Amino acid sequence: MEKKDIRLVTLKKNKEFTFVYHRGKSCAAKHMVLIYFKNKYGGIRTGFSVSKKVGKAIVRNKIRRRMKECMRELLVQMVSGESANLIFIARAPIVEIKYAEMRKEMRYLLKKAGLFTIEKNK
RNA sequence: CGAGCGGAACAAAUGACUGCGCCUUAUUAUGAGGUGAGGAACGUCCGAGCACCAUAGGGCAGAACGCCGGGUAACGCCCGGUGGAGGCGACUCCAAGGAAAGUGCAACAGAAAUAAACCGCAGCAAGGGCUGUAAGGGUGGAACGGUGAGGUAAGAGCUCACCGAAAUCAUUGGCAACUUUGAUUUCCUGUAAACCCCGUUCGGUGCAAGAUUGAUAUAGGAGCAUUUAAUAGCGGCCCGCUAAGCUUCGUGUAAUCGCUAGAGCCUGUUGGCAACUGCAGGUCAAGAUAGAUGGUCAUAUAAACAGAACUCGGCGUAUGAGCCGUCUCGAUUC
RNA sequence: GAUCCGCUAGCUCAGUAGGUAGAGCAUUUGACUUUUAAUCAAAGGGUCCGGAGUUCGAAUCUCCGGCGGGUCA
């Protein structure tokens, strides 16, 4: 089947983050911001950033886990050929919203960035 | 029934699908099985283990602690007592050595704040004044203890009686702090959570400690020295010890170990008022490294505070619903 | 992980051996001016981050918290 390479690969090094921050393009929504940098190889790699403004340790942890889960679900439906580095940055009001809304918004952001197409999935 | 006081314990569970870390196993990129945050993981306020620096040395400085006895690996923690403070009470709280080693401070008020004399009282002089006095007045948180009598020129622990306080000695009880009673002496402001004195304790740095392996570089700038100086270990200072090149800026900084079985937890029991402890039996797979527990449901309903990063013992703080007691006070009824 | 500092009027800050809490700006009122600004004069405004303790008395000393910020690796 095509369900082969859908493991979530995360950005780890501080260098990688700063690189994307400097070179990448951004698009924003109410509850989060996406910064993306398209490259030739390496597949889709994602980083998540939740600052201290959002909440205490346990709150930040929960939000990051939810965002990871969202990405995992969306990764299946995405264009397979593309490869890019993404960073999702959580904003303060993200604490209020539910999981479904979060996924909706994430899909909107990816579509905006041109990494997500519904036609392909159909 | 109302208002309190004290105490202990819990911190959702199970199942399904789907994901993540680690371990085991089969087989070679996946499958199967197991397992996976807290009572505070938090704050980082103390005490240790462990590691390295001289297996930690001498002195000064500095810091912490401070009733007594016990517990503990240790503690600034805990338990039991003593004394004091608060509460009708159950009970709670207390950094609780020394003010008679010395220094400082005590605003305003008041004559005067640690030393005395403003008004007053008495004697002498008699216009101011000099001497004695600490009864009375007023101020203040505090004015050489309080009341009464004697005494005196007027007064005063000057003397006596009673009361109060402190110290010393003896004595009752207690391991002790302390306490009971008696005698003697004294009556002295408070503050040490002001400096300080006395006693006790403390070497420094912290798992990013440190060890091993490998790679890269031994590029470059600056400083000091080559023989008793400087620098570093040693980050308060001096002595002392060690090192033959060292320090600093800059660049670069991977993997493995350390890394989880420990002063562990539970049950019974010995000793003890208790903290705790001896013995016996049982039991214990979180170990990540941008950092693992999420998502969707079901069980009527899931809710508080909150997320491990070397590990323990305390303390402090946050917080949900309920429970217990020969407990206390008040009201009512029998 | 370790360590240090701050919190005082609406804002920015003073306030040391503990004794009535102050300055500048801002605000309000009045004067000057045709009016405003500037200037001058006056006034109001403080649980001294919170709670305990020591003391006759605490912004100040001690302890325990809260919030904010810095430094080192």
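Residues numbered from 1 in each chain as written. Chains lettered and ligands numbered in written order. Predicted model: local features only at pLDDT ≥ 70, side-chain atom pairs only at ≥ 80, totals over all residues. Heavy atoms only, no water.

K.L.:
What's the story with the sheet that holds strand 1 (residues 9-10) in this structure? I'm lost.
P.N.:
The strands making up a sheet are joined through hydrogen bonds of the backbone, oriented either antiparallel or parallel. Pairing is mixed in the open sheet, where 5 strands are placed in the order 1-4-5-3-2. Bordering the open sheet on either side are strand 1 and strand 2 (25-28), each of which pairs with just one other strand. Pairing between strand 2 and strand 3 (residues 32-38): 4 bridges, direction antiparallel. Counterpart to Ser-26 in the pairing with strand 3 is Ile-35. Across the sheet, helix 2 (residues 57-77) is in contact with strand 1, strand 4 (44-49) and strand 5 (84-90); its angle to strand 4 comes to roughly 160°. Each of strand 2, strand 3, strand 4 and strand 5 touches helix 3 (residues 99-113); the most contacted strand, strand 3, lies at about 35° to it. (Pairing = 2+ DSSP bridges. Helix = DSSP H or I, 4+ residues; strand = E, 2+ residues; numbered from the N terminus. Contact = heavy atoms within 4.5 Å. Axes fitted to C-alpha atoms, helices over the stretch in contact; angles between N-to-C directions.)

K.L.:
What is the right way to look at the packing of aromatic side chains in this model?
P.N.:
Under the counting rule described, the total for this entry stands at 1 aromatic pair. Arranged with centres 6.1 Å apart and planes meeting at 15°, the rings of Phe-48 and Phe-88 form a pair that is stacked. Remark: Phe-88 occurs in strand 5 and Phe-48 occurs in strand 4; sequence separation between them is 40 residues. The exposure classification of Phe-48 matches that of Phe-88, with both residues buried. (Phe/Tyr/Trp six-rings, centres within 6.5 Å; stacked < 30°, edge-to-face > 60°. Buried < 20%, exposed > 50% of the residue type's maximum accessible area, 1.4 Å probe, protein only.)

K.L.:
What exactly am I supposed to notice about the protein's contact with RNA strand B here?
P.N.:
The environment of RNA strand B is made up of 16 residues, and the closest members are Leu-11, Arg-64, Arg-65, Glu-69 and Arg-72. When the atoms of RNA strand B within 4 Å of the protein are grouped by moiety, sugar and phosphate amount to 46% of the total. The separation between a phosphate oxygen of RNA strand B and a polar side-chain atom of Arg-66 is 2.9 Å. Per-class residue counts for the surface near RNA strand B are 4 nonpolar, 3 polar and 9 charged. (Near = heavy atom within 4 Å. Polar contact = N/O pair within 3.5 Å; in protein donor to acceptor, adjacent residues only side chain to side chain. Nonpolar A, V, L, I, M, F, W, Y, C, P; charged D, E, K, R; others polar.)

K.L.:
Can you help me understand helix 2 in this one?
P.N.:
Each α-helix winds once per 3.6 residues, and so residues spaced three or four apart point in a common direction. Here helix 2 spans 31 Å end to end across 21 residues, near enough to the 30 Å set by a 1.5 Å rise per residue. The set of residues buried in helix 2 consists of Ile-63, Met-67, Cys-70, Met-71, Leu-74 and Leu-75. Looking down the long axis of helix 2, one finds its buried residues gathered within 135° of arc, a one-sided arrangement. Exposed residues lying more than 90 degrees from the buried face of helix 2 are Ile-58, Lys-62 and Arg-65. Of the surrounding secondary structure, the elements contacted by the buried residues of helix 2 are strand 4, strand 5 and helix 3. (Expected span 1.5 Å × (residues − 1). Arc of directions from axis to C-beta.)

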